[in-house]
Amino acid sequence: MGGKTAFLVFSLEEVTDRQAAEEALRKSERQLRTLTDQLIDVQENERKRIAREVHDSLGASLSALKYKLEDLIHNLPQKDSRQIGETLGSLIPIIQETIGEARRMQNDLRPPLLDDLGILPTLSWLSRRFQKIYSRVTVEQHLEVREEDVPERLKLPIFRITQEALNNIGKHARATQVRISLSREQKKLNLVVRDNGAGINLKGPSKPADWLPGIGLSVMKERTTLSGGSFSFESHPGKGTMIEASWPLNKENSVE
Ligand SMILES: Nc1ncnc2c1ncn2[C@@H]1O[C@H](COP(=O)(O)OP(=O)(O)O)[C@@H](O)[C@H]1O
Ligand SMILES: [Mg+2]
């Protein structure tokens, strides 16, 4: 009888220990989530600031430089200045190219389109740009929602997730077809980006020997969960890859 009691006390202690350990684990998971949330926030603000800076100082200085140079070429004295004019003139396309580069940087950091016109034009811009760079890939777009069906607070995560998914396709997939879809199914908003490229088995041995995990996938996942959705990544070697993020459209999320 005494032995039995001792055993019971011991198990209770064990249970308490385990509960404490589980609680500690949950606590550190919560802390990690808060930290990631803050990290993403800080990163977004920093990107916004750099985008502004690129636009206001770099972009503005380059435009001023181009203007001055054109002015100078235009007003060169006729005599003996043909060669100088040609040399200076050859700088204009370089400056123009750099202005374009600065604009691309600004757009990647924080596209003004997203704040001014919304997520649908921004996704179209992303696919057009991808199509232009990877001209052998066909990009299909299925945006089957209205702008007002997409809750304001989901627009930035949707943009960033699509941006990273397309970056990954450009970097890793060697695909010929890409499909981006944003649709509403009953009470859910679904974002799916799919390609027919090389695919990967992240758990299997098919990974290249020098393979190192990046942070793109985990940031996509965190962005989705932090905004109340769920994320999945499905990839099969030789068959392609699909990422899916979906958010429940409940009262607090929807604009209805
Ligand atoms: N669309 C894709 N097609 C093929 N492989 C992919 C695709 N997306 C991701 N991967 C694989 O998953 C890995 C992890 O992606 P990610 O976390 O974004 O890191 P990174 O892009 O920096 O390597 C990639 O290194 C790549 O091997
Ligand atoms: Mg990546």
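The rules behind the values
- Residues numbered from 1 in each chain as written.
- Chains lettered and ligands numbered in written order.
- Predicted model: local features only at pLDDT ≥ 70, side-chain atom pairs only at ≥ 80, totals over all residues.
- Heavy atoms only, no water.
- Helix = DSSP H or I, 4+ residues; strand = E, 2+ residues; numbered from the N terminus.
- Rg over C-alpha atoms; globule rule 2.2 N^0.38 Å.
- Buried < 20%, exposed > 50% of the residue type's maximum accessible area, 1.4 Å probe, protein only.
- Areas by Shrake-Rupley, 256 points an atom, 1.4 Å probe, with all protein chains shown as cover.
- Lys, Arg positive; Asp, Glu negative; His and termini not counted.
- Charge placed at Lys NZ, Arg CZ, Asp CG, Glu CD.
- Donors = N, O, S within 2.8 Å, 3.2 Å for Na, K, Ca; no water.
- Core = buried A, V, L, I, M, F, W, Y, C linked by side-chain atoms within 4.5 Å.
- Contact = heavy atoms within 4.5 Å.

Student: Before we go on, may I ask you to explain the overall build of the chain in this structure?
Tutor: Looking only at helices and strands, the chain features 6 helices and 5 strands. Listing each helix as α and each strand as β along the chain from the N terminus yields α-α-α-α-β-α-β-β-α-β-β. Its C-alpha radius of gyration of 26 Å places the chain more than 25% over the 18 Å reference for a compact globule of 256 residues. Overall size of the chain, expressed as C-alpha extent along the three principal axes, is 115 × 50 × 35 Å. Taking all 256 residues of the chain together, 34% fall into the buried category. A total accessible area of about 17,000 Å² is found for the chain, and carbon and sulfur atoms account for 56% of it. Charge-centre separation for the chain: the mean point of 38 positive side chains lies 2 Å from the mean point of 36 negative side chains.

Student: In this structure, what is going on with the coordination of the magnesium ion (ligand 2)? I would like to understand it.
Tutor: In an ideal tetrahedron of four donors about a metal, each angle is 109.5 degrees. In an ideal octahedron of six donors, the angles are 90 or 180 degrees. With distances of 2.1 Å, the protein atoms coordinating the magnesium ion (ligand 2) are E164 (OE) and N168 (OD1). Of this pair, E164 and N168 both sit in helix α5 (residues 152-173), separated by 4 residues, roughly a single helical turn.

Student: Could you clarify how one ought to interpret the nonpolar core in this entry?
Tutor: Generally speaking, a soluble globular protein has its nonpolar side chains buried in company with each other. Counting residues in each nonpolar core, the largest one holds 33 residues, and the members touching the most others are I158, V178 and L182. If you list the elements that add at least two residues to this core, you get α4 (119-133), α5, β2 (177-185), β3 (188-195) and β5 (240-248). By residue number, the principal contributor to this core is α5, which donates 9 residues. Those residues in contact with V178 that sit more than four places away from it in its chain are F130, V137, T138, V139, E140, L166, I169, V193, R194 and D195. The next biggest cluster of nonpolar side chains, apart from the first, holds 10 residues, and it includes A51, L69, I92 and A102.

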